[in-house]
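Spelled out from the first residue to the last, the chains are:
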Amino acid sequence: MRLAWLAFLTTLFMLMQVLAAKASPESLAPLAERISPAVVNITTTTLIEGRTDLPGIVPEGSPFEDFFREFQDRNGDNENRPRRSNALGSGFVISEDGYIVTNNHVIAEADEILIEFFPGEGQPSKELPAKVVGRDEKTDIALLKVEAEGPLKFVTFGDSDTARVGDWVIAMGNPLGQGFSVSAGIVSARNRELSGTYDDYIQTDAAINRGNSGGPLFNMDGEVIGVNTAILSPNGGSIGIGFSMASNVVVKVVDQLREFGETRRGWLGVRIQDVTEDMAEAMGLDKPGGALISDVPDGPAKEAGLQAGDVILSFDGVEVADTRALVRQVGETAVGKSVRVVVFRDGGTQTFLVTLGRREDAERAENGQPSTSPAPAESEKELLGMTVAPLTDRVRSELGLAEDATGLVVLDLDETSEAFDKGLRAGDVITEVGQQKVMTLADLEARIEEAREAGRKSLLLLVRRGGEPRFVALSLSE
């Protein structure tokens, strides 16, 4: 029995060694050799205007200004002449006819773009000029095109959603201008956010430095699952925290740039905010989640019947976790598509059919901020830590509001109150309370009393500042 047990353990140990060997190859060289011909170096040239000032020498308007300018001219100082600035980056070929993906910041404002290919048989023997097909600042992705004499070697995109934390990855590119380079690591984290609306970054500890921007992040099948975009570093060099835009975001952008030369994102036409626990309690939701509509300007949502105060629970058959998830999903949905939107309203759910517009067409300049110090109104009252009063013609004028604007203006706040902590300030206008319009102090008092009688712990306020709406839930214990 003991011998049989030892034999079993020995067999199990050998099997584990075989599986480990299959999971992690002895060398990444075969994979690197196969995919490297599709990776390119990118050199950009930008013409920079010459300086016309005399920084650090004399102040502007000084009587010695002309003297020093003549001195520079006599000594051949060329600082005032236009000069060329060069920058380096990386990219990768995605089709044999010469389409190349890189970061937008690599080629932004470039006057000339040159592509250097990995040296080898069948590759172009010299640099080729590239033209910009299209670019997207929101995801920092650009699509380029070169004209080569023959078919180019290329790589394909993989499914970034299947990448797991701990999976091996390879980063390739042109770090610090040193030429083609390969680094290996693992997927450190998924779904990272930096600063963009559509961010979905894969974090990796594979070495990424300046010059790697725009290069590919490969999985072990040689598929591109990310575009290397940024690093987190106190010194400008790699410390093992790099970020690659997930391929499932990149593919949609590249397809649109290739077809239209620009992005065409879906647009729902609502202003939204996350639902907090106190907001959920105030509205009667079982739990926080979804996206709370704070305003519905003219657009697809308004035409379909959506209203401020609705909570979007589902979009096109997918549950909405929060505002970020909704923005990404709407943006990735085709312009003109009719989608079903499920909202929470008046204690139940309702479904609306919305035909999406185009986000790029809807974007416009924001309105300026008005004064936040309105003149006192004739009647006022202190409620929920705020001193509020009905709108008057004088207040409407000072706040830049429409003549028919209604609501209650916040005149002052107790700085120890919850209202102050949650960002309310003098000059804010409360237009709805408990998802009902308020025009007088009596309206506000009635909404507070109704909520207390219903056993609510919080009250939901719709507040506008500079025309921008947002919901705020305040405790009724104030």
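Residues numbered from 1 in each chain as written. Predicted model: local features only at pLDDT ≥ 70, side-chain atom pairs only at ≥ 80, totals over all residues. Heavy atoms only, no water.

Draft legend 1. Seen up close, the overall build of the protein. The helix and strand tally for the protein stands at 12 helices and 27 strands. The buried share of the protein, reckoned over its 478 residues, is 44%. Across the protein, the fraction of contacts at a sequence separation of at least 24, relative to all contacts at a separation of at least 6, is 63%. (Helix = DSSP H or I, 4+ residues; strand = E, 2+ residues; numbered from the N terminus. Buried < 20%, exposed > 50% of the residue type's maximum accessible area, 1.4 Å probe, protein only. Contact = heavy atoms within 4.5 Å.)

Draft legend 2. Seen up close, the packing of aromatic side chains. Counted under the stated rule, the structure contains 3 aromatic pairs. Ring geometry for phenylalanine 92 and phenylalanine 157: centres 5.8 Å apart, planes at 75°, overall edge-to-face. Linking phenylalanine 92 in strand E2 (residues 83–93) with phenylalanine 157 in the loop between strand E6 (141–146) and strand E7 (168–173), this pair joins segments that are 65 residues apart in sequence. For the pair tyrosine 201 and phenylalanine 243, a centre-to-centre distance of 6.2 Å together with 75° between the ring planes defines the contact as edge-to-face. Placement of the pair is tyrosine 201 in strand E9 (residues 201–204) and phenylalanine 243 in strand E12 (residues 242–246), with a sequence separation of 42 residues. In this structure, lysine 145 is placed above the aromatic ring of tyrosine 99, and the distance from its NZ or CZ to the ring centre is 5.3 Å. Taking the ring centre of phenylalanine 260 as reference, the NZ or CZ of arginine 264 above it sits at 3.9 Å. (Phe/Tyr/Trp six-rings, centres within 6.5 Å; stacked < 30°, edge-to-face > 60°. Lys NZ or Arg CZ within 6 Å of the ring centre and 35° of its normal.)

Draft legend 3. Structural detail: a negative patch on the surface. A contiguous patch of negative charge on the surface is contributed by Glu380, Glu382, Asp412, Asp414 and Glu415. With respect to the helices and strands, the residue glutamate 415 is situated in the loop between strand E23 (408–413) and helix H11 (418–421). (Patch = residues over 30% accessible without salt bridge, like charges linked within 9 Å, V, L, I, M, F, W, Y side chains within 5 Å. Areas by Shrake-Rupley, 256 points an atom, 1.4 Å probe, with all protein chains shown as cover. Salt bridge = Lys/Arg side-chain N within 4 Å of Asp/Glu carboxyl O. Lys, Arg positive; Asp, Glu negative; His and termini not counted. Charge placed at Lys NZ, Arg CZ, Asp CG, Glu CD.)

Draft legend 4. Just the pattern of salt bridges, in detail. Under the counting rule described, the total for this entry stands at 23 salt bridges. Of the charged contacts in the structure, one is a salt bridge between arginine 265 and glutamate 360, with a shortest N-O distance of 3.9 Å. Taken as a pair, arginine 265 in the loop between helix H5 (247–260) and strand E13 (266–267) and glutamate 360 in helix H9 (residues 359–362) lie far apart in primary sequence, 95 residues in all. Residue classification places arginine 265 among the buried positions, given a relative accessible area of 6%. Linked by salt bridges that have partners in common, Asp136, Glu262, Arg264, Arg265, Arg358, Glu360 and Asp361 make up one network.

Draft legend 5. Representation of the environment of glutamate 319 in the model. Along the polypeptide, glutamate 319 turns up in strand E17 (residues 318–319). By relative accessible area, which is 63% here, glutamate 319 ends up exposed. Distance from glutamate 319 to glycine 290, taken between C-alpha atoms, is 7.8 Å for residues 29 residues apart in sequence. Once residues lying within four places of it in the same chain are set aside, the contact partners of glutamate 319 are Leu313 and Ser314.

Draft legend 6. Highlighting the nonpolar core. The biggest cluster of nonpolar side chains holds 24 residues, and the ones touching the most others in it are Val101 and Phe218. For this core, the elements supplying multiple residues, two or more each, are helix H2 (29–35), strand E3 (99–103), E6, E7, strand E11 (224–231), E12 and H5. No other element matches the 5 residues that H5 contributes to this core. Contacts of valine 101, omitting those with residues within four sequence positions, involve Gly91, Phe92, Ile94, Ile141, Ala142, Leu143, Phe157, Gly214, Val227, Val250 and Val254. (Core = buried A, V, L, I, M, F, W, Y, C linked by side-chain atoms within 4.5 Å.)

Draft legend 7. Spatial organisation of the sheet that holds E7. The 6 strands are arranged E7-E8-E9-E12-E11-E10 in a closed barrel whose pairing can be described as antiparallel. Across the sheet, the mean angle separating the axes of adjacent strands is 45° when strand polarity is ignored. Sheet topology note: the E9/E12 ladder contains 4 bridges and is antiparallel. Bridging from a neighbouring strand, isoleucine 202 pairs with serine 244 of E12. (Pairing = 2+ DSSP bridges. Axes fitted to C-alpha atoms, helices over the stretch in contact; angles between N-to-C directions.)

Draft legend 8. Quick look at the confidence of the model for the protein. Looking at the protein, pLDDT values average 82 and 82% of them are 70 or higher. Put simply, helix H1 (residues 2–23) is where the protein has its lowest mean pLDDT, 53, and strand E10 (residues 216–218) is where it has its highest, 96. The low-confidence segment residues 54–64, where pLDDT is below 50, has 10 contacts with residues more than four positions distant or belonging to other chains. (pLDDT = per-residue confidence, 0-100.)

Draft legend 9. Examining the environment of glutamine 329 more closely. Within the secondary structure, glutamine 329 is located in helix H8 (residues 323–331). Residue glutamine 329 is classed as buried on the basis of its relative accessible area of 17%. The sequence separation of glutamine 329 and phenylalanine 315 amounts to 14 residues, and the corresponding C-alpha distance is 8.0 Å. What glutamine 329 contacts, discounting residues up to four positions off in sequence, is Phe315, Asp316 and Val318.

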